[in-house]
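# Structural features, examined
One-letter residues, chain by chain:
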Amino acid sequence: MVNNTPFLRVKTFDNEHDHSAQDNMQVSHINRSDLVASMIVDNIRTNRGKAPNDIRNDLFHEYGVQLNYHQAWKVKERALDNINGSVQQSYMLIPWLCNRLMEADPQTVAKRTSSVNNHFERLFIAYGCCINGFLLGCRPILYIDGCHLSGPYLGTLLAASTYDADNNLYPLAYAIVNGETYEDWSWFLRNLKELIGSLQITIVSDRHNVIVGAVREVFGGSRHAFCYRHVKENFSAEFSKVCNEHRRRRKDDALKLLDKIACSRLDMDFVKAMGQLRSFSVDLARWVETQSDVDKWAMSRFQFRRWDNSTTNLAESFNAWLVKERRDNVCVLINEHRQKLAKKLYVANEAMGKWENGVGPKIEAILKENVAQAEGMVVLDHGSGRMLVRIGQKDLRVNVALRECTCQAWQMTGIPCPHACAAIKSLHGNVYTYVEECYLLSSQQKIYMNTMIPVETHDMPNLNQLSLDDYRTNIFLQPLITSRPPGRPKKKRRESQFQHQVQYQCSRCHQSRHNRASCTNPNPTEL
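All of these numbers come straight from a predicted model, not from anything done at the bench. The residue numbers shown here count from 1 along each chain, following its written sequence. Reporting of local features is limited, given that this is a predicted model, to residues whose pLDDT is at least 70; pairs of side-chain atoms are given and counted only at 80 or more, and all residues count toward the totals for whole chains, interfaces and linings. As a convention, hydrogens and water are excluded, and side-chain values are obtained from all of the structure's heavy atoms.

## Things to note about the overall build of the protein
The helix and strand labels rest on DSSP assignments: H or I over at least four residues marks a helix, E over at least two residues marks a strand, and numbering proceeds from the N terminus. Check the secondary structure of the protein and you find 20 helices and 11 strands. Within the protein, contacts between residues separated by at least 24 positions form 63% of all contacts whose residues are at least 6 apart in sequence. Every accessible area reported is derived by Shrake-Rupley at a probe size of 1.4 Å, with residue values counting cover from the shown protein chains alone. Element-wise, carbon and sulfur atoms account for 48% of the exposed surface of the protein, whose accessible area totals about 29,800 Å². The contact rule is simple, with two residues in contact once any of their heavy atoms fall within 4.5 Å.

This is how it looks when you write it as structure tokens:
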């Protein structure tokens, strides 16, 4: 060792090797991974998702090289290392990347933590353009979630996203951590808290105990809303426990009753839906009231605005947005995320020029649907903006001046509901002037006012040519310390039980959920 450094001093080196003729005949130089990787490196650079079997076929047809699947997989990994650098070396560049990001944009936040032995622990990145866009024009609500990285050193990607003025994904910040632990989530949320300052925001997440505790510590628990889809998964599992003996009670009926509870905007509708569930199953009703935290996911019970979004689908969209990049090393992930985000901001900025009537295409579609539903409604003007909207035998009150409706949809979404559209139509008003500001073109312009600042990487340190002085003057981190689980990593996530359900239909009576062999209707024509 040289002065307690990781370098070794070689005092004797013998570079003369003698091999017999037979030894040289048994060596197949063409199959060496470095040489074969150089053959496919250009192809992999343009098609990184190429399968090992396709690589095997190409090498055999073009060069006559025969490889098995494992060899082709290792050759592809070697080619990717030649293109992007090794996964282990990528962690060494994190300090340099953080400094360069903040040099390019002083408003960008790039924080990292490491252990005493310079092993990587956590990384937090939020670009200045996204921070300003969120504070100036976005709704004060964040959707947070975590997803697994599938590189050799694993890790977890934590992210916080929100909606722009046209209900599209707007990423705010992300972090690379060891796992979804309480310490990692608390560290991530504290960094988010520093970004937004004193702004009161609503946090939407699943019901994971770690996230619940971390949000309560950093933001307080009152503004923490739960994803209804995750609650529905838990409710479905509870149904299997308490209703197995009642085979006639279908799970679909119970889930529809839960949907009524979640979507009820009025207290009276909520009480009615709870009564229907209690009539269906007392145990399920008790679970909803005592163990599901109903005040966190039911629309009529949550005290703060959620803009009618009851799930964390936006966070799932962010995870799907980076599904390919999550397989790469950490430096490639950072660079690919930055490039995709820059392209997304640019495309959104250009798309604003095509907005009509001051709102985006998605909001325009919602307004058209509400206006179409308003046809046939009878409106009675009571003066001072107060309207009585009659639908059949039901009367609702609309206050155009205060932008309120009895159904609560206008207040919750910020978009005129069908009853409000009928009232606005009777006043010969412009429906676009009654849309909340967060959906207007002016807010979208504030969100995308600042574009991504390009980051130069031409002078990035070459990790294959580092000198002893480089190690003395720079900090080079080592990879995460993780334990990889056994088995081959899964590429496909476990889907929700409510996604992609196959509905079987009987070919005789044409009813769902059974086939012809189990059909119990002897006279299908009488249905």
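## Section: the environment of Gly-213
Mapped onto the elements of the fold, Gly-213 is located in helix H9 (residues 209-218). Considered as a pair, Gly-213 and Tyr-182 are 31 residues apart in the sequence and their alpha carbons are 7.5 Å apart.

## Notes on the UniProt feature "domain: SWIM-type" (unreviewed entry) in the protein
UniProt positions are given in the numbering used here, feature names are shortened, and annotations may be inferred rather than shown by experiment. When the UniProt feature table is mapped onto this chain numbering, "domain: SWIM-type" (unreviewed entry) sits at residues 396-428. Annotation note: span residues 396-428, helix share 42%, strand share 18%, distance between end C-alpha atoms 19 Å.

## Describing the sheet that holds strand E11 (residues 404-405)
DSSP bridges decide pairing: two strands pair if at least two such bridges lie between them. Spatially, E8-E9-E10-E11 is the arrangement adopted by the four strands of the open sheet, whose pairing is antiparallel. In the strand order of this sheet, the two ends are held by strand E8 (378-383) and E11, each with one partner. Sheet topology places strand E9 (residues 386-391) next to strand E10 (residues 394-399); six bridges connect them, and they run antiparallel. Within E10, the residue paired with Arg-386 across the bridge is Asn-399.

## Remarks on a nonpolar patch on the surface
Patches here are clusters of residues that have more than 30% relative accessible area and form no salt bridge, with a 9 Å joining cutoff for like charges and a 5 Å cutoff for nonpolar side chains (Val, Leu, Ile, Met, Phe, Trp, Tyr). Just to be clear on terms, a salt bridge is a Lys or Arg side-chain nitrogen sitting within 4 Å of an Asp or Glu carboxyl oxygen. Taken together, the side chains of Leu-135, Leu-136, Leu-199 and Met-449 present a nonpolar region at the surface, about 350 Å² in accessible area. Tracing the chain through its elements places Met-449 in the loop between helix H19 (441-447) and helix H20 (468-473).

## Quick look at the packing of aromatic side chains
Centres within 6.5 Å make a pair out of two Phe, Tyr or Trp rings, where for Trp the six-membered ring is used; the pair is then stacked when the planes are under 30 degrees apart, edge-to-face when over 60, and tilted otherwise. Scanning the entire structure with this criterion turns up 11 aromatic pairs. Relative to Trp-321, the ring of Phe-318 has its centre 5.8 Å away and its plane inclined at 50 degrees; by these criteria the two rings are tilted. Separated by three residues within a single helix, Phe-318 and Trp-321 lie in helix H14 (residues 313-321), roughly one turn from each other. By relative accessible area, which is 2% here, Phe-318 ends up buried. Type-normalised accessible area, obtained with a 1.4 Å probe on protein chains alone, sets the label of each residue: buried when under 20%, exposed when over 50%, and partly exposed for intermediate values. In this structure Trp-321 comes out as buried when scored by relative accessible area, which is 18%.

## Some points on the pattern of salt bridges
On inspection of all chains with the given rule, the structure shows 16 salt bridges. Across the pair Arg-286 and Asp-283 runs a salt bridge whose closest N-O atoms are separated by 2.9 Å. Taken together, the positions of Arg-286 and Asp-283, both in helix H13 (residues 282-290) and three residues apart, correspond to about one turn of that helix. A relative accessible area of 43% means that Arg-286 is categorised as partly exposed. Residue class for Asp-283 comes out partly exposed when judged on its relative accessible area of 35%. The shortest N-O distance in the salt bridge between Glu-375 and Lys-425 comes to 3.0 Å. Of this pair, Glu-375 sits in the loop between helix H16 (361-373) and E8 while Lys-425 sits in helix H18 (residues 418-426), placing them 50 residues apart in sequence. Pair check on accessibility: Glu-375 and Lys-425 agree, each one exposed.

## Description of the pairing of strand E6 (residues 202-205)
Side-chain alternation along E6 places Thr-202 and Val-204 on one buried face and Ile-203 and Ser-205 on a second face that is also buried. Of the strand pairs in this sheet, strand E3 (residues 141-148) and E6 are connected by three bridges, and their pairing is parallel. The residue of E6 that forms the bridge with Tyr-143 is Val-204. As paired strands, E6 and strand E7 (residues 224-226) are joined by three bridges and run parallel to one another. Considered in E7, the bridge of Ile-203 is made with His-224. Taken together, E6, H9 and E7 form a β-α-β motif whose crossover is right-handed. Place the viewer so that the strands point away; then a crossover is right-handed whenever the path from the first strand over the helix to the second strand goes clockwise.

## Observations regarding unusual backbone geometry
The backbone of Asn-167 sits at a positive phi, close to 60 degrees, despite the residue not being glycine. With respect to the helices and strands, Asn-167 occurs in the loop between strand E4 (156-163) and strand E5 (169-177). For Asn-167, a relative accessible area of 21% puts it in the partly exposed group. We note that Ser-384 has phi near 60 degrees; this positive angle belongs to a residue other than glycine. By the element assignment, Ser-384 lies in the loop between E8 and E9.

## Points about the sheet that holds E3
Across the sheet, seven strands lie side by side as E1-E2-E5-E4-E3-E6-E7; this open sheet has mixed pairing. In this open sheet, the two strands that pair with only one neighbour each are strand E1 (109-114) and E7. Averaged over all pairs of adjacent strands, the angle between their axes in this sheet comes to 20 degrees, without regard to strand direction. Fitted lines through C-alpha atoms serve as axes, helices being fitted only where they are in contact, and the angles separating the N-to-C directions of these axes extend from 0 to 180 degrees. Contacting strand E2 (120-126) and E5, helix H15 (residues 330-351) runs over the sheet at an angle of about 170 degrees to E5.

## Looking at the packing of helix H6 (residues 94-104) against H15
Running from N to C, H6 and H15 point in directions that differ by 20 degrees, and their axes come no closer than 10 Å. In terms of their interaxial angle, H6 and H15 are classed as roughly parallel. Along this stretch, H6 crosses H15, giving a crossing that reads as left-handed. Contact residues: H6 offers Ile-94, Leu-97 and Leu-101, while H15 offers Val-330, Cys-331, Ile-334, Asn-335 and Arg-338. Residue classes in the contact of H6 with H15 are distributed as six nonpolar, one polar and one charged. Angle categories are assigned with fixed cut-offs, so that under 35 degrees is roughly parallel, over 145 is roughly antiparallel, 65 to 115 is roughly perpendicular, and the rest are oblique. Left-handed describes a crossing whose near helix is turned anticlockwise from the far helix through less than a right angle; right-handed describes the clockwise counterpart. In the scheme used here, Gly and all other residues not listed as nonpolar or charged are polar, with Ala, Val, Leu, Ile, Met, Phe, Trp, Tyr, Cys and Pro taken as nonpolar and Asp, Glu, Lys and Arg as charged.

## Let's talk about the state of the cysteines
Should the sulfur atoms of two cysteines be covalently bonded, the bond is a disulfide. A pair of cysteine sulfur atoms is labelled a disulfide when the two atoms are within 2.5 Å. This structure, assessed with the given rule, holds zero disulfides. The closest cysteine sulfur to the non-disulfide-bonded Cys-130 is located on Cys-129, 4.1 Å from its own sulfur. Of the residues examined, Cys-130 reaches a relative accessible area of 1% and is grouped as buried. Free cysteine: Cys-417, not disulfide-bonded; nearest cysteine sulfur from Cys-405 at 3.7 Å.

## A few points about the side chain of Arg-306
Position of Arg-306 among the secondary structure elements: in the loop between H13 and H14. Among buried Asp, Glu, Lys and Arg side chains, Arg-306 stands out as unpaired, with Asp-308 the closest opposite charge at 8.3 Å. Among the polar contacts made by the side chain of Arg-306, one reaches the main-chain carbonyl oxygen of Phe-226 at a distance of 3.2 Å. Non-local contacts of Arg-306, meaning those with residues more than four positions away in its chain, are made with Ile-141, Tyr-143, Val-204, Ala-225, Phe-226, Lys-296, Trp-297 and Thr-311. For the purpose of counting charges, residues Lys and Arg are taken to be positive, whereas Asp and Glu are taken to be negative. His and the chain ends are not included. In protein, a polar contact means a hydrogen-donor-capable atom and an acceptor-capable atom, both N or O and within 3.5 Å, with residues adjacent in sequence counting only if both atoms are side-chain atoms; elsewhere, any N or O pair within 3.5 Å suffices.

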